[in-house]
There are 2 protein chains.
Amino acid sequence: MKTKSSNGGGLAKSLDGATKSVTMREVAQAAGVSVKTVSNVVNDYEHVSEATRRKVNTAIEKLGYVVNVSARNLRLGQTGVISLVIPDLQLPYFAQLSSLVIGEAKKLGLHVIVEPTLYSREGEIDALHGSRQNLFDGVIFSPLELGQEDVDQLKVDYPLVLIGERIFTNTVDHVATENVEGAKRATSYLIQSGCRRVAVLGVHPGEKVGSAGLRFQGYREALEENGIEFDERLVAPAGMWHRVDGVNAMNELLDGDARPDGVVALNDMLASGAMHAIQMRGLKVPDDISVIGFDNSDDSQYLSPPLSSIAPGLEAVARLSVRVLRDRIDGKTDVLGVGPGRHVFRKVSSALVVRGSTKPLE
Amino acid sequence: MKTKSSNGGGLAKSLDGATKSVTMREVAQAAGVSVKTVSNVVNDYEHVSEATRRKVNTAIEKLGYVVNVSARNLRLGQTGVISLVIPDLQLPYFAQLSSLVIGEAKKLGLHVIVEPTLYSREGEIDALHGSRQNLFDGVIFSPLELGQEDVDQLKVDYPLVLIGERIFTNTVDHVATENVEGAKRATSYLIQSGCRRVAVLGVHPGEKVGSAGLRFQGYREALEENGIEFDERLVAPAGMWHRVDGVNAMNELLDGDARPDGVVALNDMLASGAMHAIQMRGLKVPDDISVIGFDNSDDSQYLSPPLSSIAPGLEAVARLSVRVLRDRIDGKTDVLGVGPGRHVFRKVSSALVVRGSTKPLE
DNA sequence: TTGTAAGCGTTATCAT
DNA sequence: ATGATAACGCTTACAA
């Protein structure tokens, strides 16, 4: 752990000259070699004799040298930092995504700056076009306010990876999740486990693209495929997807004249609220009503009973988007098997995670 | 929105020469002035005539000039980026903290790189001493694994602000929250609203420092002050603080021979679980048992009934820690009224947010 | 295998 | 109020 005062490899020196940082030149001098040689050692250049390498490393160690990233960045024209633009870091879904992206980036030696746009259209546009310094080598963008009609906003002159289901275009690399398929899978599972009156919670009437629209579409497709007639009375809209919205929507459903025996909630918060409403009436989950959620958020396993949910594969979203971005930054022409001039589009598979809130298959 | 192809003020140019970035020199040439003048305009230097300013700005606009941050950083010896080291971005508490820190930093023109240490001692030490490039001007550190015995780890040669209650020392700037006082306030409130058998949920037996230990201490102090005898049977330990732990702990309490009429849960997840367990038995919150939580997490308002909770003042924590860090980076000698050579210690006030899970005061 | 030297795009010190 | 010019610390042709 070195001496007590010269703690580890220091970070930035504060400008007030508190710590005068050691330069390559000084290391070179101390080691009796040229700057180039030090640079070679630092960057693991192959053709360096063992002897010199050792000499240099000793000097580096002794002086506590740390490479100056700003200088390197300036020289290289890159910063090693990417930006992740999301609506709200406080939503579990995006917190999880951010966490995964940070982890993936770390593996590739990249740092991540998270930029929450806080449900503001301005914020999203600013994150894309603002005089955000060229601090970032590239951006991963998850729009919420911007929609299909804003597709031109995505035509930027730096590496950009789009995620989510708000906008579809072939002018940028895009990693999406299986919303339709996921909801379809959830609905089918309920039907196959014996439910006949499957309700859907959290619908945004009229929405086509976007999570709500796509998931609702999956619900309808599943009904059709299973030969079950669509019943408008089993559709519970909810603008927001908080727990309380699930409680309210579920209560309306229970007060209605078409009591469901299964519920597909369009996210886990809604599902949690729905379970609460059901249980408050003395009904049992899943015996009286099965409930299934979407997102497989961290908490879903801690509900009582633990919530069955669709896992959208955020790990894959994080992994793919970071890798694609890195390849673009590196100027690779072939990214994920897609040739020059063309853009990546990948839909990440979702998976059903079965827990206690649904009945076993018949 | 400019021309379609030259989209807004671009970010980094990818290294592969895709976009050759515009330099100050070129702007100077186009505007017919010197580089220094352009720099003056860009940095809002006072003594620039309106005419020149306009000329320069026009040129900047036309060429789409964006300042090169790397060059500026190199020159200034600062990066404008701070690091926020936290245990886990997926915990609502830290997601909220991160969100607030990012917001505060933005106000001061700083960017934040969030570094989750994922419950690893190694990770925390690495975040402090690792050859983290001098990418950061300073660090805000919220330890979880490191404890009082690791206080020497905090002796670093760059600006560092400690947050949380794991470590106390006067060798670094520290922003803490009122754990003892908050729990005391919560407990007293229950007592004053008529509860006589107040249980506490989520205790870590033997812990002194750390949220659990301090909050439990507050609970005991409140009992004492209100002349209520401490009853070991009303203490429900829980190693983890997930919802399911709250359910389990509450059930044990309800199965015990000392039925509580009030519950202080050491965080909101535990409280949520406790309410569930209570309600599953057909008991009413707050009529039969009052429940109060800690953290005032975003979800607490969406529970049924909405959860009364202690708001630890994370906004203030974020604001203070970012400002202190910025002042240290700027080399200010007087920070928050504390003179040179001394360190800031601030305890942020907590507040009780009363909602529906507790009875009104008598 | 290693050394020399020319920038990368800023900011800041002088002059003027 | 503005201009010429020297750093900032690094990478990399090009030379040796």
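Residues numbered from 1 in each chain as written. Chains lettered and ligands numbered in written order. Predicted model: local features only at pLDDT ≥ 70, side-chain atom pairs only at ≥ 80, totals over all residues. Heavy atoms only, no water.

An unreviewed UniProt entry lists chain A under the name Transcriptional regulator, LacI family, with Bifidobacterium bombi DSM 19703 given as the organism.

A.B. asks: I'd like a rundown of the overall build of chain A, residues and numbers included.
C.D. replies: Within chain A one finds 11 helices and 12 strands. Against the globule reference of 21 Å for 362 residues, chain A gives a C-alpha radius of gyration of 26 Å, more extended than a compact globule. Oriented by its inertia axes, the alpha-carbon framework of chain A measures out at about 85 × 50 × 40 Å. Burial status across chain A gives 57% buried among its 362 residues. Put simply, of all contacts in chain A between residues at least 6 apart along the chain, 69% involve residues at least 24 apart. (Helix = DSSP H or I, 4+ residues; strand = E, 2+ residues; numbered from the N terminus. Rg over C-alpha atoms; globule rule 2.2 N^0.38 Å. Buried < 20%, exposed > 50% of the residue type's maximum accessible area, 1.4 Å probe, protein only. Contact = heavy atoms within 4.5 Å.)

A.B. asks: Explain the protein's contact with DNA strand C to me, using residue names and the numbers behind them.
C.D. replies: Neighbouring residues of DNA strand C: 25 residues in total, closest Ser34, Thr37 and Thr52 of chain A together with Tyr65 and Arg75 of chain B. Within 4 Å of the protein, the atoms of DNA strand C are drawn from sugar and phosphate moieties in a proportion of 64%. Note that a base oxygen of DNA strand C is positioned 2.4 Å from one of the side-chain N or O atoms of Arg75 of chain B. For the surface near DNA strand C, the elements supplying multiple residues, two or more each, are helix 2 (35–42) and helix 4 (69–76) of chain A together with helix 2 (35–42) and helix 4 (69–76) of chain B. A per-element tally of the surface near DNA strand C places helix 4 of chain B first, with 5 residues. Here the surface near DNA strand C is built from residues that sort into 11 nonpolar, 9 polar and 5 charged. (Near = heavy atom within 4 Å. Polar contact = N/O pair within 3.5 Å; in protein donor to acceptor, adjacent residues only side chain to side chain. Nonpolar A, V, L, I, M, F, W, Y, C, P; charged D, E, K, R; others polar.)

A.B. asks: Break down the environment of Arg328 of chain A for me, with residues and values.
C.D. replies: All names here are of chain A. Looking at the element boundaries, Arg328 is found in helix 11 (residues 314–329). By relative accessible area, which is 18% here, Arg328 ends up buried. When the C-alpha positions of Arg328 and Glu149 are compared, they lie 25 Å apart, and in sequence the two are 179 residues distant. For Arg328, the contacting residues outside a window of four places in its chain are Pro159, Asp173, Thr333, Val335, Arg342, His343 and Val344.

A.B. asks: Can you explain a nonpolar patch on the surface? Please cite residues and give values.
C.D. replies: On the surface, a nonpolar cluster with roughly 270 Å² of combined accessible area is contributed by Leu118, Tyr119 and Leu144 of chain A. Residue class for Tyr119 of chain A comes out partly exposed when judged on its relative accessible area of 40%. (Patch = residues over 30% accessible without salt bridge, like charges linked within 9 Å, V, L, I, M, F, W, Y side chains within 5 Å. Areas by Shrake-Rupley, 256 points an atom, 1.4 Å probe, with all protein chains shown as cover. Salt bridge = Lys/Arg side-chain N within 4 Å of Asp/Glu carboxyl O.)

A.B. asks: Explain the protein's contact with DNA strand D to me, using residue names and the numbers behind them.
C.D. replies: Taken together, the neighbourhood of DNA strand D is formed by 24 residues, with Tyr65 and Arg75 of chain A together with Thr37, His47 and Thr52 of chain B sitting nearest. Protein-proximal atoms of DNA strand D, defined as those within 4 Å of the protein, fall in sugar or phosphate at a share of 68%. With respect to DNA strand D, the side chain of Asn43 of chain A contributes an N or O atom lying 3.4 Å from a phosphate oxygen. Interatomic distance of 3.0 Å between a backbone N/O atom of Ser49 of chain B and a phosphate oxygen of DNA strand D. Counting only elements with at least two residues in the surface near DNA strand D, the list comes to helix 2 and helix 4 of chain A together with helix 2 and helix 4 of chain B. In terms of residue count, the dominant contributor to the surface near DNA strand D is helix 4 of chain A (4 residues).

A.B. asks: Tell me about the sheet that holds strand 6 (residues 198–203) of chain B, and name the residues and values.
C.D. replies: Residue and element names in this part refer to chain B. A sheet is described by the order of its strands in space; here 6 strands give the open sequence 7-6-8-9-10-12, paired in mixed fashion. In the strand order of this sheet, the two ends are held by strand 7 (235–237) and strand 12 (351–353), each with one partner. Here the average twist between neighbouring strands, direction ignored, is 20°. As paired strands, strand 9 (residues 290–294) and strand 10 (residues 308–311) are joined by 3 bridges and run parallel to one another. Bridge pairing links Ile292 to Ser308 in strand 10. (Pairing = 2+ DSSP bridges. Axes fitted to C-alpha atoms, helices over the stretch in contact; angles between N-to-C directions.)

A.B. asks: For the pattern of salt bridges, give the residues involved together with the corresponding values.
C.D. replies: Any two side chains of opposite charge can pair, so long as their charged atoms come close to each other. In this structure the tally under the stated criterion is 37 salt bridges over all chains. Salt-bridge contacts for Glu104 of chain A lead to Arg323 of chain A; the nearest nitrogen and oxygen are separated by 3.6 Å. Here Glu104 of chain A is found in helix 5 (residues 92–107), whereas its partner Arg323 of chain A is found in helix 11, with 219 residues between them in sequence. Note on Glu104 of chain A: relative accessible area 8%, which makes it buried. Among the salt bridges present, the one from Glu115 of chain B reaches Lys106 of chain A, with a minimum N-O distance of 3.0 Å. Taken together, the residues span two chains, with Glu115 of chain B in strand 2 (residues 111–116) and Lys106 of chain A in helix 5.

A.B. asks: Give me the packing of helix 9 (residues 243–255) of chain B against helix 10 (residues 268–280) of chain B: which residues, what numbers.
C.D. replies: Residue and element names in this part refer to chain B. At a closest axis distance of 7 Å, the pairing of helix 9 and helix 10 adopts a crossing angle of 50°. In this view, helix 9 runs oblique relative to helix 10, as classed from their interaxial angle. Here helix 9 runs over helix 10; the crossing is right-handed. Contacts between helix 9 and helix 10 involve Arg243, Asp245, Gly246, Val247, Met250, Asn251 and Leu254 on the former and, on the latter, Met269, Leu270, Ser272, Gly273, Ala274, His276, Ala277 and Ile278. Counted by class, the contact of helix 9 with helix 10 contains 8 nonpolar, 5 polar and 2 charged residues. (Parallel < 35°, antiparallel > 145°, perpendicular 65-115°, else oblique. Left-handed = near helix turned anticlockwise from the far one by under 90°.)

A.B. asks: For the side chain of His242 of chain A, give the residues involved together with the corresponding values.
C.D. replies: As for its position among the elements, His242 of chain A is in the loop between strand 7 (235–237) and helix 9 (243–255). A polar side-chain atom of His242 of chain A sits 3.5 Å from a polar atom in the side chain of Tyr302 of chain B. With residues near it in sequence (within four places) discarded, His242 of chain A still touches Met269 and Leu270 of chain A together with Tyr302 of chain B.

A.B. asks: Please give an account of helix 4 of chain A that cites residues and values.
C.D. replies: The α-helix advances 3.6 residues per turn, and as a result positions three or four apart in sequence lie on the same side. Among all positions of helix 4 of chain A, only Val69, Ser70 and Asn73 of chain A are buried. The arc that holds every buried residue of helix 4 of chain A, seen down its axis, measures 100°, which confines them to one face. The inward-facing, buried residues of helix 4 of chain A contact helix 4 of chain B. Capping of helix 4 of chain A at its N-terminal end is provided by Asn68 of chain A; its side-chain oxygen lies 2.8 Å from the backbone amide nitrogen of Ser70 of chain A. Immediately beyond the C-terminal end of helix 4 of chain A, within one or two residues, lies Gly77 of chain A, with a positive phi of roughly 75°. (Arc of directions from axis to C-beta.)

A.B. asks: Mind laying out the nonpolar core, listing which residues take part and the relevant values?
C.D. replies: Counting 58 residues, the largest nonpolar core has Ile140 of chain A together with Ile140 of chain B as the members making the most contacts within it. Filtering out sequence-adjacent residues up to four positions away, Ile140 of chain B remains in contact with Ile82, Ser83, Leu84, Val85, Val101, Val161, Ile163, Ser321, Val322 and Leu325 of chain B. (Core = buried A, V, L, I, M, F, W, Y, C linked by side-chain atoms within 4.5 Å.)

A.B. asks: Mind laying out the domain arrangement of chain A, listing which residues take part and the relevant values?
C.D. replies: Residues and elements named next belong to chain A. Each assigned domain of chain A is listed with its residue range as follows: domain 1 (10–75), domain 2 (79–177 + 314–331) and domain 3 (179–311). Contact residues are listed per partner, giving 6 residues for domain 2 and 6 residues for domain 3. Overall, the association of domain 2 and domain 3 removes approximately 620 Å² of surface from exposure, summing both partners, and the carbon and sulfur fraction of that is 56%. Taken together, the connections running from domain 2 to domain 3 amount to 0 salt bridges. Linking domain 2 to domain 3 there are 3 residue pairs in polar contact (both at pLDDT 80 or more). Of the residues in the side of domain 2 that touches domain 3, the class split is 3 nonpolar, 1 polar and 2 charged. (Domains from an automatic or database assignment. Buried area = accessible area lost by both parts, 1.4 Å probe.)

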